[in-house]
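# Report on the structure
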Amino acid sequence: MYATHLQCPRCGQTYETEQIVNLCECGSPLLVRYDLEKVKAALTKDDLLLREPSLWRYRQLLPVKKTENIVTMGEGMTPLVPLDKIGGQLGLSSLYLKDEGVLPTGTFKTRGAAVGVSRAKELGAKTVIMPTNGNAGGAWSAYCARAGLKAVIVMPQDAPSINRVECAAAGADLYLVDGLISDAGKIVARALAENQWYDVSTLKEPYRIEGKKTMGLEIAEQFQWNPPDVIVYPTGGGVGIIGIYKALTELAQLGWIDGKFPRLVAVQAAGCAPIVKAWQENKTESQFWPDAKTIAFGLTVPKAIGDFLVLEAIYKTDGCALAVSDEDILKAQNDIASEEGLFICPEGAATLAAARQLTTTGWIKPHEKVVLLNTGTGLKYPKTIEPNPPVLQPDDKLPVD
Ligand SMILES: Cc1ncc(COP(=O)(O)O)c(C=O)c1O
Ligand SMILES: [Zn+2]
């Protein structure tokens, strides 16, 4: 293993990797640091060509020590699908969608769960607990089942019902809360005061982000180490965008990409856009967003603990943050399905709604390479499209037009 220590991005304090630590003493999330000189000596870009198409191909840049602790269902290396028709409509010659919907459990949360659960197992945890907007709960339940760990999951009552089914099917202890993820978080905190469980809340353990980081590693590799100009990401807790930025930083330190990073765009829903507001006001932290509500349920995070890291990723890459309406999200979801055949989740569709705004304003230029990150499959959100087909009797004929 090439991970050397955990480091606080706020105050610089370091912690060793072999103990279970959550946040830094100062309250900030911790990041895993690697001996990148050693990684450089152990791994070349060409080595990767021979490796399996899963996120474990980057194992030297991941925190799991022993191969036998890896809990995997083959996750990773999701396709980069060209969106030629939609791109043409936007006047973009190179528009792609990275489709995380094909992963086990149907969303990108699988990456964080695979790496987080593997590391939790390695560190000897027996029970993990987390608040979730649904998809992370489903993914962690599944990987915990595979690892033989107990998962305690607390999610809002309004989370998509499929997420309950996933947790229950995997045998997790599931609780619903009549409130938001922030309320679920308070219940988890009270449970932790009385139990010796491992707190795997978003960014409260340092390993989930390492899994999410592999999205950035894959994008760089899929573009032959010449990353695109823009990556558009649907931002809730922000782990994905922080992870992608961390990946790019590590790749630049390895000398595998040059220092010109893609501009990172954080998309939020108009009904819950604390990061967008903070960015518009040029702030380094966000404020709690009251009465958060959006159809893109995974984006309902009123205040993210890693908000300052999301904002740093945007500022450092000359990116931007913007909000899109639920109406535009649903339209984008419909358009991608009917034009390109991809039924994606509302959170992912938010990235197309954002790209539409950004091409209109000229922030994205026609020749630029743009990647939309679709974080999950639309199959987990069947109610976002409500068809009303005619019901025929067995002897009926189809109407002739
Ligand atoms: C489908 C989907 N997309 C995006 C997000 C937001 O993720 P992040 O924490 O990386 O901002 C979530 C979080 O629940 C989600 O479920
Ligand atoms: Zn600190």
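Residues numbered from 1 in each chain as written. Chains lettered and ligands numbered in written order. Predicted model: local features only at pLDDT ≥ 70, side-chain atom pairs only at ≥ 80, totals over all residues. Heavy atoms only, no water.

### A word on the nonpolar core
V117, V128, W140, Y198, I244 and L251 are the most contacted members of the largest nonpolar core, which totals 87 residues. At nine residues, helix α9 (residues 239-254) tops the list of elements feeding residues into this core. If sequence neighbours within four positions are ignored, Y198 has contacts with I20, N22, A120, L123, A125, T127, V128, I129, E205, P206 and Y207. Judged by nonpolar contacts, the second largest core, of 31 residues, contains A296, L322, I329 and V370. (Core = buried A, V, L, I, M, F, W, Y, C linked by side-chain atoms within 4.5 Å. Buried < 20%, exposed > 50% of the residue type's maximum accessible area, 1.4 Å probe, protein only. Helix = DSSP H or I, 4+ residues; strand = E, 2+ residues; numbered from the N terminus. Contact = heavy atoms within 4.5 Å.)

### Here's the deal with the site of ligand 1
Among the 16 residues in the neighbourhood of ligand 1, the closest are listed as Y233, G236, G238, G240 and T375. Between K109 and ligand 1, the recorded distance is 3.2 Å, taken from a side-chain N or O atom to an oxygen atom. One of the backbone nitrogen or oxygen atoms of G237 is found 3.2 Å away from an oxygen atom of ligand 1. Of all elements in the fold, only β10 (230-234) and α9 reach the threshold of two or more residues within the shell around ligand 1. Residues belonging to the shell around ligand 1 are distributed by class as follows: six nonpolar, eight polar and two charged. (Near = heavy atom within 4 Å. Polar contact = N/O pair within 3.5 Å; in protein donor to acceptor, adjacent residues only side chain to side chain. Nonpolar A, V, L, I, M, F, W, Y, C, P; charged D, E, K, R; others polar.)

### Looking at the packing of helix α4 (residues 109-122) against helix α8 (residues 208-222)
Look at α4 against α8: their axes get within 6 Å of each other, and the N-to-C directions meet at 125°. Accordingly, the angle class assigned to the pair α4 and α8 is oblique. Handedness of the crossing formed by α4 with α8: right-handed. For the pair α4 and α8, the contacting residues are K109, R111, G112, V115 and G116 in the first and R208, E210, G211, K212, T214, M215 and E218 in the second. For the contact of α4 with α8, the class distribution of residues is two nonpolar, four polar and six charged. (Axes fitted to C-alpha atoms, helices over the stretch in contact; angles between N-to-C directions. Parallel < 35°, antiparallel > 145°, perpendicular 65-115°, else oblique. Left-handed = near helix turned anticlockwise from the far one by under 90°.)

### Details of the coordination of the zinc ion (ligand 2)
Geometrically, a metal with four donors at the corners of a regular tetrahedron has ideal angles of 109.5 degrees, and one with six donors at the corners of a regular octahedron has ideal angles of 90 or 180 degrees. Note on the zinc ion (ligand 2): its protein donors are C8 (SG), C11 (SG), C24 (SG) and C26 (SG). The metal-donor distances range over 2.3 Å. Metal-centred angles of 105 to 119° between the four donor atoms at the zinc ion (ligand 2) mark the site as tetrahedral. Under the relative-accessibility criterion, C8 is labelled buried at 2%. The exposure class assigned to C11 is partly exposed, which follows from its relative accessible area of 45%. (Donors = N, O, S within 2.8 Å, 3.2 Å for Na, K, Ca; no water. Tetrahedral: all angles 85-135°; square planar, octahedral: opposite > 155°, others 65-115°.)

### Quick look at the packing of aromatic side chains
All told, the structure shown has four aromatic pairs when counted by the stated rule. Seen from their ring centres, Y96 and F223 are 5.3 Å apart, and the 90° between their planes marks the pair as edge-to-face. Here Y96 is found in strand β5 (residues 94-99), whereas its partner F223 is found in the loop between α8 and β10, with 127 residues between them in sequence. On the accessibility criterion, F223 (9% relative accessible area) is buried. With a centroid separation of 6.2 Å and 70° between ring planes, the pair formed by F108 and Y233 is classed as edge-to-face. Taken as a pair, F108 in the loop between β5 and α4 and Y233 in strand β10 lie far apart in primary sequence, 125 residues in all. For the pair F108 and Y233, one class covers both residues: buried. Residue placement shows R57 over the ring face of Y58; its charged tip is 5.8 Å from the ring centre. Directly above the ring of W363 sits R263, whose terminal nitrogen or CZ lies 4.4 Å from the centroid. (Phe/Tyr/Trp six-rings, centres within 6.5 Å; stacked < 30°, edge-to-face > 60°. Lys NZ or Arg CZ within 6 Å of the ring centre and 35° of its normal.)

### Section: helix α11 (residues 307-316)
Within α11, seven of the ten residues are buried, leaving the element largely enclosed by the surrounding structure. Within the span of α11, buried status applies to D307, F308, L309, V310, L311, A313 and I314. Those residues of α11 hidden inside the fold are in contact with α9, β11 (263-269), α10 (274-280) and β12 (320-324). Following α11 by one or two positions, D318 adopts a phi angle in the positive range, close to 55°.

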